Amino acid sequence: MIQTGLMMEQPLLLSEVIEHAATQYGDVEIVSRETHGPLFRYTYADCAKRARKLAHALDQLGLSAGSAVGSIAWNNHRHLEVYYAVSGSGLVMHTCNPRLHPQQLVYVINHAEDEVVLFDATFAPLVKGIAAHCPKVKAWVCLADATNTPAIEGLAHVLNYEDLIAPHSEHYEWPAFDERSAAALCYTSGTTGDPKGALYSHRAIVLNALVLCTPAVLALSSRDAVLPVVPMFHINAWCIPYGAPMAGAKLVLPGPRLDGASLYELMESECVTVSAGVPTIWLSLIQHLEAHKLRFTTMRRTAVGGSAMPQSLIAKFADEYGVEVRHGWGMTETTAVATMTSLAGKHDALSPADRDAIVARQGKAVFGTQIKIVDENGRTLPRDGTAQGELMVRGHWILARYFKGESSPLQDGWFPTGDVARIDADGVMQIRDRSKDVIKTGGEWISSIDLENAAVAHPAVAMAAVIGVKHPKWDERPLLFIVRKPGQALEKNEILAFLTERVAKWWVPDDVVFLESLPVGGTGKVQKSDLRKQYGGVFC
Ligand code: AMP
């Protein structure tokens, strides 16, 4: 008979993470770029104290367990305190992506039922535009002191963070509850229809952060200084804000300054050893280094994901600058990293180019997740490096159901990712394509369908199609195809101006091609593959 083990059981809760950092690594620094410019510096012990003060303040605002608290913020120390105060006190941390179109932002805030929203001063104009449409939000809090909190026209009472937490005690009894309780909520970028919410549990995040610290993933330790460029407003900054305090690593938060020069300066001045972000960021960093003939002094490795890291960029980092690239794959629905490339001893004898080619793939399933590829009938395909099919994933931190979703998206217990991949005999996975036609630009999604719908709304447009065209800086940019209605004289500037009114600025296509007709397939769908073949060159 199988017996129950006789070990203690404690729920895996995020409050334990910040308290562990405060007691074990209390003097380790957090360095944070303030939204108004200067660097701010304190320790994990200080961070925990301020998170506890905020937890009191949230209690006093009358939020009940399980209520959602939104943030629209950069990677900075106050956002980190909010992460812990909200989740630790049994509320749900809803990180909002400020790059969403304001209408989508309103949608996610209302869908999540956020009762309080904390925002950086940068996003005050955004808040001004959306606040009236978010009736459940009873407090808007600017993540600043009184001096740096702007007045927002139409919002009678904007609280400032420092005044909000000031009166409260730095002692707080974090509640104990079921580790499966919701800790954080992040919405997909609405590639088809409305954004969908991934509701992460405490257990999922703690387990993911633990694995993040292992040598197979980011190998975080108290010898490291970590700079997450990946935003805290999207997929929990790949759980680095949880992994770094667990490991006692110094945390360096870049705030709004994400250009190559600012990142390099911060990496050097704060002796950063590990970083993480999307390929576009690394492209601008490398361009800065090359232009100014600079070298890294302390940087050792960097995690890259969100879109495929080109091998040429991997070679630059690894072979020219001595920075190891860890190329991972994950999605909003996987909490953070699900697969990661890390080279083994058996690869030491390979040439640098052969090693870089392995790193250019998205890697092996990390402990806690499993992957497979299936054909269109759901049959598992071989791991032979040749067969390609839809990537399926399951594990401790993989979504089982969307927030308020009526049915589960799972197929036989696996999450269908919509990505097309190969897996080789060594278990290394390579993303080949996306089954959806979304456009990935600078690490963010643009929905081709939404853009097409917006274009077709113009009275002179008969048909519209959008494809992603390779771009040297942004990975991809949208190219719009228009078939005019007979007798209409619509021109490029007019349709782009029309779209500018309806979609986020960075969604507006870089160019427009007018055609007599679009290629249409047997089922009446536009054949985008044909358009890609003919027009999928490179924007410069
Ligand atoms: P999101 O949920 O917005 O983070 O997007 C997740 C999607 O990004 C995945 O389904 C992939 O299509 C893509 N993606 C993430 N990481 C990679 C990677 N390393 N290489 C290629 N595509 C990636």
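To be clear, the structure that these remarks concern was listed above.
Colleague: Where do I start with the packing of helix 9 (residues 260-269) against helix 10 (residues 279-291) in this structure?
Modeller: A pair of packed helices is characterised by two quantities: the angle between their axes and the separation of those axes. At their nearest, the axes of helix 9 and helix 10 sit 8 Å apart, and the two run at 80° to each other. The angle between helix 9 and helix 10 falls in the class roughly perpendicular. Residue-level inspection shows Gly260, Ala261, Leu263, Tyr264 and Met267 of helix 9 in contact with helix 10, the latter providing Ile281, Trp282, Ser284, Leu285, His288 and Leu289. Its residues assigned to classes, the contact of helix 9 with helix 10 comprises eight nonpolar, three polar and no charged.

Colleague: Just checking my understanding: could you explain the pairing of strand 4 (residues 92-95) for this structure?
Modeller: Regular strands show a simple pattern: their side chains alternate between the two faces of the sheet. What you see with strand 4 is no split at all: Val92 and His94 on one side and Met93 and Thr95 on the other are buried throughout. The pairing of strand 3 (residues 68-72) with strand 4 spans four bridges and is parallel. Bridging across to strand 4, Val69 finds its partner in Met93. Relative to strand 8 (residues 182-187), strand 4 is paired through three bridges, and the arrangement is parallel. Looking at strand 8, one finds that His94 is bridged to Leu185.

Colleague: Would you take a moment to explain the nonpolar core for this structure?
Modeller: When a protein is soluble and globular, its nonpolar side chains tend to lie buried together. Counting residues in hydrophobic clusters, the biggest one holds 93 residues, and the most contacted among them are Leu54 and Leu251. If sequence neighbours within four positions are ignored, Leu251 has contacts with Glu29, Ile30, Val31, Tyr44, Leu80, Val226, Pro228, Ile240 and Ala244.

Colleague: What am I meant to see in the packing of aromatic side chains here?
Modeller: To describe a pair of aromatic rings, one takes the distance between the centres and the angle between the planes. Considering all chains together, one arrives at eleven aromatic pairs under this definition. When the centroid spacing of 5.9 Å and the interplanar angle of 80° are considered together, the rings of Trp282 and Phe317 count as edge-to-face. Here Trp282, found in helix 10, pairs with Phe317, found in helix 11 (residues 311-320); they are 35 residues apart in sequence, far enough to count as distant. Overall, the relative accessible area of 0% leaves Phe317 in the buried class. Grouping aromatic residues by their ring pairs yields a cluster made of Tyr264, Trp282, Phe296, Phe317 and Tyr321.

Colleague: Hey, could you run me through the sheet that holds strand 5 (residues 114-119) in this one?
Modeller: Backbone-to-backbone hydrogen bonds join strands into a sheet, with any given pair of strands oriented parallel or antiparallel. One open sheet accounts for seven strands, arranged 7-6-5-3-4-8-9; its pairing is mixed. At either margin of the open sheet sits one strand with a lone partner, and together these are strand 7 (158-160) and strand 9 (197-201). Direction aside, neighbouring strands of the sheet carry axes that sit 25° apart on average. Strands strand 3, strand 4, strand 5 and strand 8 of the sheet are contacted by helix 3 (residues 77-88), whose axis makes an angle of about 145° with strand 4. Relative to the sheet, helix 4 (residues 102-112) contacts strand 3, strand 4, strand 5 and strand 8, its axis offset from that of strand 8 by approximately 155°.

Colleague: Would you take a moment to explain the site of the ligand for this structure?
Modeller: For the ligand, the set of nearby residues contains 17 residues, the closest of which are Gly328, Thr332, Gln362, Asp419 and Trp445. His234 is positioned with one of its side-chain polar atoms (N or O) 3.3 Å from an oxygen atom of the ligand. Here a nitrogen atom of the ligand sits 2.8 Å away from a polar atom, N or O, in the side chain of Gln362. Relative to its unbound accessible area of 500 Å², the ligand is 96% covered by the protein chains. Per-element tally for the shell around the ligand: the top contributor is strand 14 (residues 324-330), with four residues.

Colleague: Whenever I open this one, the side chain of His288 confuses me. Can you help?
Modeller: Inspection of the secondary structure puts His288 in helix 10. Under the relative-accessibility criterion, His288 is labelled buried at 15%. The contact partners of His288, leaving out residues within four places of it in the chain, are Gly260, Ala261, Tyr264 and Leu294.

Colleague: Quick question: what am I supposed to make of the pattern of salt bridges here?
Modeller: Between side chains of opposite charge, pairing is possible as soon as their charged atoms come close. Summed over the entire model, instances satisfying the criterion amount to 27 salt bridges. A salt bridge links Asp224 to Arg301; the shortest N-O distance between them is 3.1 Å. Placement of the pair is Asp224 in the loop between helix 7 (202-212) and strand 10 (225-228) and Arg301 in strand 13 (residues 301-304), with a sequence separation of 77 residues. Accessibility classification places Asp224 together with Arg301 in one group, the buried group.

Colleague: What should I look at first to understand helix 3 in this one?
Modeller: Since one α-helical turn is 3.6 residues long, residues separated by three or four positions face the same way. With twelve residues, helix 3 extends 16 Å from end C-alpha to end C-alpha; this agrees with the ideal 16 Å at 1.5 Å per step. Taken as a whole, helix 3 has its buried residues at His77, Arg78, His79, Leu80, Glu81, Val82, Tyr83, Tyr84, Ala85, Val86, Ser87 and Gly88. Sitting at the head of helix 3, Asn76 places a side-chain oxygen 3.3 Å from the backbone nitrogen of Arg78.

Colleague: In this structure, what is going on with the pairing of strand 1 (residues 29-33)? I would like to understand it.
Modeller: Within strand 1, four of the five residues are buried, leaving the element largely enclosed by the surrounding structure. The antiparallel hairpin formed by strand 1 and strand 2 (residues 39-43) contains five residues in its connecting segment, where Gly37 sits at a positive phi of about 125°. Here strand 1 runs beside strand 11 (residues 250-253); their pairing, made up of three bridges, is parallel. Bridge pairing in strand 11 places Ser32 opposite Leu253.

Colleague: Is there a simple way to think about helix 14 (residues 492-500) in this case?
Modeller: For helix 14, the set of buried residues is Ile495, Leu496, Phe498 and Leu499. The arc that holds every buried residue of helix 14, seen down its axis, measures 155°, which confines them to one face.

Colleague: What exactly am I supposed to notice about the sheet that holds strand 2 here?
Modeller: The nine strands are arranged 2-1-11-10-12-13-14-15-16 in an open sheet whose pairing can be described as mixed. One side of each edge strand has no neighbouring strand; the edge strands of this open sheet are strand 2 and strand 16 (364-365). Pairing analysis gives four bridges linking strand 12 (residues 274-277) to strand 13, with the strands arranged parallel. If you follow Ser275 over to strand 13, its bridge partner there is Thr302.

Colleague: I tried to follow the side chain of Ser71 on my own but got confused; where do I start?
Modeller: Position of Ser71 relative to the elements: it lies in strand 3. Not counting chain neighbours up to four residues away, the residues in contact with Ser71 comprise His79, Met93, His94, Thr95, Cys96 and Leu118.

Colleague: I keep staring at the state of the cysteines and nothing clicks. Help me out?
Modeller: Applying the stated rule across the entire model yields zero disulfides. Cys47 forms no disulfide, and the closest cysteine sulfur to it belongs to Cys213, at a distance of 16 Å. Cys47 sits in the buried class, given a relative accessible area of 0%. Unpaired in this structure, Cys134 has its nearest cysteine sulfur neighbour in Cys96, at a distance of 8.7 Å.

Colleague: Got a minute to help me understand the environment of Asp178 in this structure?
Modeller: In this structure, Asp178 sits in the loop between helix 6 (161-165) and strand 8. Classification of Asp178 by relative accessible area gives partly exposed; the value is 36%. For the pair Asp178 and Gly90, spaced 88 residues apart in sequence, the C-alpha to C-alpha distance is 9.9 Å. Polar contacts involving the side chain of Asp178 include one to the side chain of Arg180, which spans 2.6 Å.

Calculation rules
- Residues numbered from 1 in each chain as written.
- Predicted model: local features only at pLDDT ≥ 70, side-chain atom pairs only at ≥ 80, totals over all residues.
- Heavy atoms only, no water.
- Axes fitted to C-alpha atoms, helices over the stretch in contact; angles between N-to-C directions.
- Helix = DSSP H or I, 4+ residues; strand = E, 2+ residues; numbered from the N terminus.
- Parallel < 35°, antiparallel > 145°, perpendicular 65-115°, else oblique.
- Contact = heavy atoms within 4.5 Å.
- Nonpolar A, V, L, I, M, F, W, Y, C, P; charged D, E, K, R; others polar.
- Buried < 20%, exposed > 50% of the residue type's maximum accessible area, 1.4 Å probe, protein only.
- Pairing = 2+ DSSP bridges.
- Core = buried A, V, L, I, M, F, W, Y, C linked by side-chain atoms within 4.5 Å.
- Phe/Tyr/Trp six-rings, centres within 6.5 Å; stacked < 30°, edge-to-face > 60°.
- Near = heavy atom within 4 Å.
- Polar contact = N/O pair within 3.5 Å; in protein donor to acceptor, adjacent residues only side chain to side chain.
- Areas by Shrake-Rupley, 256 points an atom, 1.4 Å probe, with all protein chains shown as cover.
- Salt bridge = Lys/Arg side-chain N within 4 Å of Asp/Glu carboxyl O.
- Expected span 1.5 Å × (residues − 1).
- Arc of directions from axis to C-beta.
- Disulfide = S-S within 2.5 Å.

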